[in-house]
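A closer look at the structure
As a plain string of letters, each chain reads:
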Amino acid sequence: FYSATYRLVKLAGLEPDCEDYGQAVIYKGSIPTAPKAFVLDSHHVIEKGKVFPVCGNSMKMLKETRFRDHFDVVGEGKTHFGIFEGCAKNV
């Protein structure tokens, strides 16, 4: 027997790779079931109050969904710095 929880989001315009646009988020700790850290997936455990760099796709998942009120955003996302090291493929 296996148990799994899926967090599904429907977003348009996701990129095929983890692109770095110089953005980060700060989790407010405001989700009652996650007061110390928010787990987006196995690669994104975002601790309360800590600046956490995110790719463009993760930013969309946090900023354009029901999670938006639980995060502060750092950076405008206007400058492309390439693909995140160790994420997807590096060019």
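Shown above is the structure to which this text applies.
Since the structure is predicted, the reported quantities are computational estimates derived from the model, not experimental observations. (Residues numbered from 1 in each chain as written. Predicted model: local features only at pLDDT ≥ 70, side-chain atom pairs only at ≥ 80, totals over all residues. Heavy atoms only, no water.)

What follows deals with the pairing of strand 2 (residues 23–27). A large share of strand 2 lies buried, amounting to four of its five residues. Sheet topology note: the strand 2/strand 5 (residues 51–54) ladder contains four bridges and is antiparallel. Bridge pairing in strand 5 places Ala 24 opposite Pro 53. Here strand 2 pairs with strand 6 (residues 71–74) via four bridges, running antiparallel. Bridged to Ala 24 within strand 6 is Val 74. (Buried < 20%, exposed > 50% of the residue type's maximum accessible area, 1.4 Å probe, protein only. Helix = DSSP H or I, 4+ residues; strand = E, 2+ residues; numbered from the N terminus. Pairing = 2+ DSSP bridges.)

The strand order across the open sheet built from three strands is 5-2-6, with neighbouring strands paired in antiparallel fashion. Either end of the sheet is taken by a strand with one partner, and the two such strands are strand 5 and strand 6. Ignoring strand direction, the axes of neighbouring strands in this sheet form an average angle of 35°. Against the sheet, helix 1 (residues 56–63) contacts strand 2, strand 5 and strand 6, and its axis sits at roughly 40° relative to strand 2. (Axes fitted to C-alpha atoms, helices over the stretch in contact; angles between N-to-C directions. Contact = heavy atoms within 4.5 Å.)

Along the chain, the position of Val 54 falls in strand 5. A relative accessible area of 1% means that Val 54 is categorised as buried. For the pair formed by Val 54 and Val 9, sequence separation is 45 residues and the distance between their alpha carbons is 17 Å. Leave out the neighbours within four places in its chain, and Val 54 touches Gln 23, Ala 24, Val 25, Met 59 and Phe 84.

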